[in-house]
Amino acid sequence: MRSHRKPAAIGLGCLLAFAMAGCSGQGDATPAAPAVTTAAPSTSSPAESGTSYAPYVSSTEAAGTDSAGSPTTYNLAFVIADGSDCVPRWNGTHAIGDPAVAARIARLKEDGGQVRVSFGGASGDELATHCGSASELAAAYGKALDAADTGLADFDIEGDELADSASVALRSKALARLQAEREDLEVSFTLPVMPSGLGKDSLALLASANDNGVQVSTVNLMTMNYGTSYDGDMGGYARTAAQTAHTQLKEVFGTSDAAAWRGMALTSMIGVNDVDGETFTLADAAEVRAFAEEKGIGWVSMWSAARDRQCAKDSGSDRPATDCSGVKQSSGAFGKAFAG
């Protein structure tokens with residue numbers, strides 16, 4: 001983006017091993033997807049478990065709006081490679097064992113929230129582009145997860161890296177290896193989406209994960225920055241993108257309606273987006289939250305908590321800011337709207 005435990009009975013052949021629902025029969029899976037392993041259903045339904053709120057926050061810099069809406073999980077953005085080496089660093093600037101980052105993570109957890117380490121993002125290099133083997137890459141991911149003391153891993157893959165088949169394949173192998181070593185590891189993929197749905201590169205990434213036996217808890221859709229032809233209702237576009245992607249996930253992975261919704265997350269860029277004409281309002285946030293609750297979507301998120309405040313008058317920039325939304329609001333208002 002711009003600058004729990006797994007169910008016990010689910011086999012590795014199942015891609016969408018959703019945290020709150022087992023996999024259904026094969027359905028109309030594409031040839032790229034292996035046979036789906038059926039698991040006993042969970043005793044919790046999507047309606048019972050609810051839609052949680054999990055904003056993206058800086059891994060290195062605290063913001064006064066981080067905890068607005070009382071998030072259940074914080075997505076720590078981002079772990080990327082250290083230069084051209086297979087060495088994970090927070091934001092590309094802080095060593096993975098940096099005590100200041102450790103203290104920040106501890107503060108985020110104080111009120112009972114979890115943290116999810118997000119690897120990748122739009123800036124810097126995801127580790128899979130620089131690690132030489134699946135074992136080396138798995139170890140690098142493991143170091144970051146251990147530093148945050150979490151079993152939740154998010155992979156924000158976009159831009160050129162999304163089309164890089166070599167790094168996609170290596171990542172899939174590394175994640176399968178890491179899940180074999182860590183039974184509590186939950187993996188989510190954060191991917192760009194259009195109102196027309198997920199693109200071919202995103203679907204190929206998910207197929208690669210499936211082929212390698214990776215169990216994916218969530219596919220997180222970046223409902224933002226669609227392009228200059230999309231300058232209307234951003235909340236409506238988010239709903240349309242989710243509905244189209246839901247159909248794609250059902251068709252490709254043979255899941256039920258409920259499982260496909262539960263294994264989905266929605267992340268919006270609040271306020272002024274990077275594309276001219278796209279502004280995501282507080283009304284859009286309320287619309288997305290209501291839609292997510294109606295469908296039983298796993299979680300909603302935003303980019304980012306640091307932007308959840310009104311910009312100072314005459315801020316002097318015509319580009320979206322990293323520390324404010326660009327729309328009129330009270331501090332933390334988007335977090336409260338997404339939390340419901």
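Residues numbered from 1 in each chain as written. Predicted model: local features only at pLDDT ≥ 70, side-chain atom pairs only at ≥ 80, totals over all residues. Heavy atoms only, no water.

For the protein chain, an unreviewed UniProt entry supplies the name Chitinase and the organism Streptomyces olindensis.

Mind laying out the side chain of Glu278, listing which residues take part and the relevant values?
With respect to the helices and strands, Glu278 occurs in the loop between β11 (271-272) and β12 (279-280). With near-sequence residues (within four places) excluded, Glu278 lies in contact with Met224, Asn225, Tyr226, Gly227, Tyr230, Met234, Gly271, Val272 and Asn273. (Helix = DSSP H or I, 4+ residues; strand = E, 2+ residues; numbered from the N terminus. Contact = heavy atoms within 4.5 Å.)

Can you break down helix α4 (residues 165-181) residue by residue, with the values?
Between its first and last C-alpha atoms α4 spans 25 Å; for 17 residues at 1.5 Å apiece the expected length is 24 Å, and the two agree. Three or more residues of α4 are buried, namely Ser167, Val168, Leu170, Arg171, Ser172, Ala174, Leu175, Ala176, Leu178 and Gln179. As for α4, its buried residues are in contact with α3 (134-148), β7 (152-156), β8 (186-192) and α5 (200-211). (Expected span 1.5 Å × (residues − 1). Buried < 20%, exposed > 50% of the residue type's maximum accessible area, 1.4 Å probe, protein only.)

Tell me what's going on with the confidence of the model for the protein chain, and back it up with residues and numbers.
When pLDDT is averaged along the protein chain, the result is 87, and 85% of the positions lie at 70 or above. The low-confidence segment residues 3-15, where pLDDT is below 50, has 46 contacts with residues more than four positions distant or belonging to other chains. The low-confidence segment residues 17-48 (pLDDT under 50) makes 70 contacts with residues lying over four places distant or belonging to another chain. (pLDDT = per-residue confidence, 0-100.)

Outline the pairing of β7, listing residues and values.
For β7, a buried count of five out of five residues is recorded, marking the element as mostly surrounded by other parts of the structure. Of the two faces of β7, the one holding Leu152, Asp154 and Asp156 and the one holding Ala153 and Phe155 are both buried throughout. Relative to β7, strand β6 (residues 114-120) is paired through four bridges, and the arrangement is parallel. For Ser118, the partnering residue across the bridge sits in β7 and is Asp154. In terms of handedness, the path from β6 via α3 over to β7 forms a crossover that is right-handed. Pairing geometry for β7 and β8, over five bridges, is parallel. The residue of β8 that forms the bridge with Asp154 is Ser188. With α4 bridging β7 and the parallel β8, this β-α-β connection has right-handed handedness. (Pairing = 2+ DSSP bridges. Right-handed = clockwise from strand over helix to strand, strands pointing away.)

Now, about the nonpolar core: what can you tell me, with residues and values included?
Nonpolar side chains in soluble globular proteins tend to end up buried together. Core analysis: the biggest nonpolar cluster contains 75 residues, and Phe119, Tyr141, Phe189 and Phe338 have the highest contact counts within it. It is helix α6 (residues 234-253) that provides the largest number of residues to this core, a total of nine residues. Counting nine residues, the second largest nonpolar core, distinct from the first, contains Ile80, Met222, Met269 and Trp303. (Core = buried A, V, L, I, M, F, W, Y, C linked by side-chain atoms within 4.5 Å.)

Can you lay out the packing of α3 against α4 for me, pointing to particular residues and giving the numbers?
Between α3 and α4, whose axes approach to 8 Å, the crossing angle comes to 60 degrees. Considered as vectors, α3 and α4 are oriented oblique to each other. In terms of crossing hand, the pair formed by α3 and α4 is right-handed. Contact residues: Ala134, Ser135, Leu137, Ala138, Tyr141, Gly142 and Leu145 in α3; Leu170, Arg171, Lys173, Ala174, Leu175, Arg177 and Leu178 in α4. Classifying every residue of the contact of α3 with α4 by side-chain character gives nine nonpolar, two polar and three charged. (Axes fitted to C-alpha atoms, helices over the stretch in contact; angles between N-to-C directions. Parallel < 35°, antiparallel > 145°, perpendicular 65-115°, else oblique. Left-handed = near helix turned anticlockwise from the far one by under 90°. Nonpolar A, V, L, I, M, F, W, Y, C, P; charged D, E, K, R; others polar.)

Describe the state of the cysteines, with residues and values.
Under the criterion given, the structure shown has two disulfides. Shown here is the disulfide that connects Cys86 with Cys131, its sulfur atoms set 1.8 Å apart. Measuring handedness by torsion sign, the sulfur bridge of Cys86 and Cys131 sits at about 85 degrees and is right-handed. With Cys86 in strand β4 (residues 85-90) and Cys131 in the loop between β6 and α3, the pair connects residues that are 45 residues apart, well separated along the chain. (Disulfide = S-S within 2.5 Å.)

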